[in-house]
Each structure stands twice: as C-alpha cells, then as structure tokens.
Amino acid sequence: MDEKTRKELTAWLEFYRELGIEDFYRRARGSVELPASVNVAPAEPPVAAPLPTHSHSIAPPPRTTAPAELSKPLSAARVAPVIQPPTTSFNLFEAAPAPRGPETLAQIRTDLGDCHRCKLAGTRKTIVFGDGNPHAELVFVGEGPGADEDEQGLPFVGRAGKLLNRMIQSIGMKREEVYICNIVKCRPPGNRTPEKDEVDACSPFLYRQIEAIKPRLVCCLGAPAVRTVLGIKEGITKIRGQFYAFGSTQAIATVHPAYVLRNPREEKILREDFEKIREFLKGG
Ligand code: URA
C-alpha cells in the first residue's frame, strides 16, 4: 500500500475508533491491506460480521480530547455534527467497518463481559454498567461507582444518588425515565478519580451506550465526566449550565451531586442547571 493510501486509511480508522467501532472486515476480493495493528476478522462471512466479543485484540481507542467544536458552548442553535469523517477520495468499499446496525444496550453489556480491560477489575466487586430507560431522552454521566454502587451493581444508589434522584424529581421526572451511567464501570479504590488508562479503556463503552440510547440530552455530572464526554478541561464552575454539541445530540455540564453534599450551599447551582434541563426537554 502506498504512503498516501495508508495515511487516508489510518485517518478513517481513527475516525471509526472515535465512534467506538473497532472491528473491521475485509472483503475477500480486492487487495487492500490493513495496517497490522487493526483487528481484521477473517474475510468470511464478509457482511454480517459479529458484534465484537469481549476479547478485543487491540486496546480500546484512546479518546483524548474531543474535537475543538465540542468545547464551544452552543448558543440557541441546534447541534451541528461534531465528529467529521476525514475528507478523502479513498474508496472504502474494501475496508469498511463491519456493518452491524444499531447496537442494543444488552449487546454492549454482553461485549463488555467480565471485563478485565483495566486495573480496576482487580479491586471491584461488581461491574456497574448503567441503569434506567434504554430509550431515555436524558442520560446522566457520573464519574465512577462508589462503595454502595459496587455492592449493588447499580449507579448512584448512595448518598449522591439520593440527591440526584431528588433533582430528577424536582424537574417532574422519575429516575426510571432517565438513564444513568458513569465514565468508568468499576469502582476506583478509595473512590479516587479514574485514571487516564482506565477512562481510555472504559469510555468507548459509554459512547456506545449513548449511541444506542440516542438521548436528546446528556448531562455530565462533574469535571471528569465533562472531560471525558466533551473534552473540556476547564473548571466545572466556569462551564456548567451551558449546552454543548455532542455528536448528533447535546450535552450540558453541571456539578457532581457529591460536590453539593460536601458544599450544601451549592445546591442552588445544581437546581439552576436542572431547571435548564427541564426547559430544554420541554422545547422539542
Ligand atoms: N458517584 C458517581 O459518580 N457515580 C456513581 O455511580 C455514584 C457516585
């Protein structure tokens, strides 16, 4: 393969990795060679390639920062697509990702399996995949399970969860109506902030969950969620309460309920942001 074609192909593969797609197949005919690092399934069957199993042969894509557009708050405008495929004249018929159609949360959970993709597997009790309505209009993304969540296998069931439940109710919704998950699915020891390698290993599953649910709004709870979902590194108090483009949907950033538990006077900012969520979901 010549250098130009290799570069174009690499750009496409990076683009698909951004979307969480890692398994590719190659049609039997043709002579395109994929880079050795790519997980190429056998040529047969070329069309209905299976969903990935939990034994990926390449590490999940390291999603570092989101594209620049992501870090700009939206005005009143609706969303523009954020992740653009690389512009290329390269014919991808020979090296397209395996067509697998929309995934369900159950399929993603199966793919996650008894995950050992990062070191958190060594200390967790339970994988906390996510909880709630698979067709939710609103998805909450927290940081990572704590002790209660690790015990029960459900996100936000401890004190922070009780506060989140109250906030959800304050905007006229029920917990069962929304979907709740975290940037990592296993409890970090001592409830520390998840480390980069852990987020890199786990976040592709989060993106796939969001893609499967197709919510109207993703609410990032706290700075680590904002960094992972939106690629924004600024302080949460600066960027909270604003709407951002996120793929074909939108996202809002707010403070983590655990922060409010430690700083009860800040509950008003959480309430303010939840009111914005209520207004957003009303219009549409
Ligand atoms: N904090 C989080 O960020 N997530 C949980 O699931 C619980 C507490």
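Residues numbered from 1 in each chain as written. Predicted model: local features only at pLDDT ≥ 70, side-chain atom pairs only at ≥ 80, totals over all residues. Heavy atoms only, no water.

We now examine the packing of helix α4 (residues 159–170) against helix α9 (residues 267–282). For the pair α4 and α9, interaxial distance at closest approach is 9 Å and the crossing angle is 45 degrees. One element, α4, and the other, α9, form an angle in the oblique class. α9 is crossed by α4, and the crossing has right-handed handedness. Contact residues: L163, L164, R166, M167, I168 and S170 in α4; E267, L270, R271, F274, E275 and R278 in α9. (Axes fitted to C-alpha atoms, helices over the stretch in contact; angles between N-to-C directions. Helix = DSSP H or I, 4+ residues; strand = E, 2+ residues; numbered from the N terminus. Parallel < 35°, antiparallel > 145°, perpendicular 65-115°, else oblique. Left-handed = near helix turned anticlockwise from the far one by under 90°. Contact = heavy atoms within 4.5 Å.)

The subject of this paragraph is the site of the ligand. Around the ligand, the neighbouring residues are G142, E143, G144, P145, E149, P155, F156, N182 and H256. The side chain of H256 places a nitrogen or oxygen atom 2.8 Å from an oxygen atom of the ligand. Within the complex, the protein chains bury 92% of what would otherwise be the 230 Å² of accessible surface of the ligand. Counted by class, the shell around the ligand contains 3 nonpolar, 4 polar and 2 charged residues. (Near = heavy atom within 4 Å. Polar contact = N/O pair within 3.5 Å; in protein donor to acceptor, adjacent residues only side chain to side chain. Areas by Shrake-Rupley, 256 points an atom, 1.4 Å probe, with all protein chains shown as cover. Nonpolar A, V, L, I, M, F, W, Y, C, P; charged D, E, K, R; others polar.)

All right, on to the pattern of salt bridges then. Any two side chains of opposite charge can pair if their charged atoms end up close together. On inspection of all chains with the given rule, the structure shows 19 salt bridges. Residue R175 is joined to D131 by a salt bridge in which the shortest nitrogen-to-oxygen separation is 3.3 Å. Taken as a pair, R175 in the loop between α4 and β3 (179–182) and D131 in strand β1 (residues 131–132) lie far apart in primary sequence, 44 residues in all. Residue classification places R175 among the buried positions, given a relative accessible area of 16%. Look at D131 and you get partly exposed, because its relative accessible area is 25%. Between D273 and R240 there is a salt bridge whose closest N-O contact spans 2.9 Å. Highlighted residues: D273 in helix α9 and R240 in the loop between α7 (236–239) and β5 (243–246), separated in sequence by 33 residues. No difference in accessibility class separates D273 from R240, as the two residues are buried. (Salt bridge = Lys/Arg side-chain N within 4 Å of Asp/Glu carboxyl O. Buried < 20%, exposed > 50% of the residue type's maximum accessible area, 1.4 Å probe, protein only.)

This next bit is on the side chain of T254. Inspection of the secondary structure assignment puts T254 in strand β6 (residues 249–254). By relative accessible area, which is 1% here, T254 ends up buried. For T254, the side chain forms a polar contact with the side chain of D273, separated by 2.5 Å. Once residues within four sequence positions are removed from consideration, T254 is found in contact with C219, C220, L221, G222, I236, R240, I269, L270 and D273.

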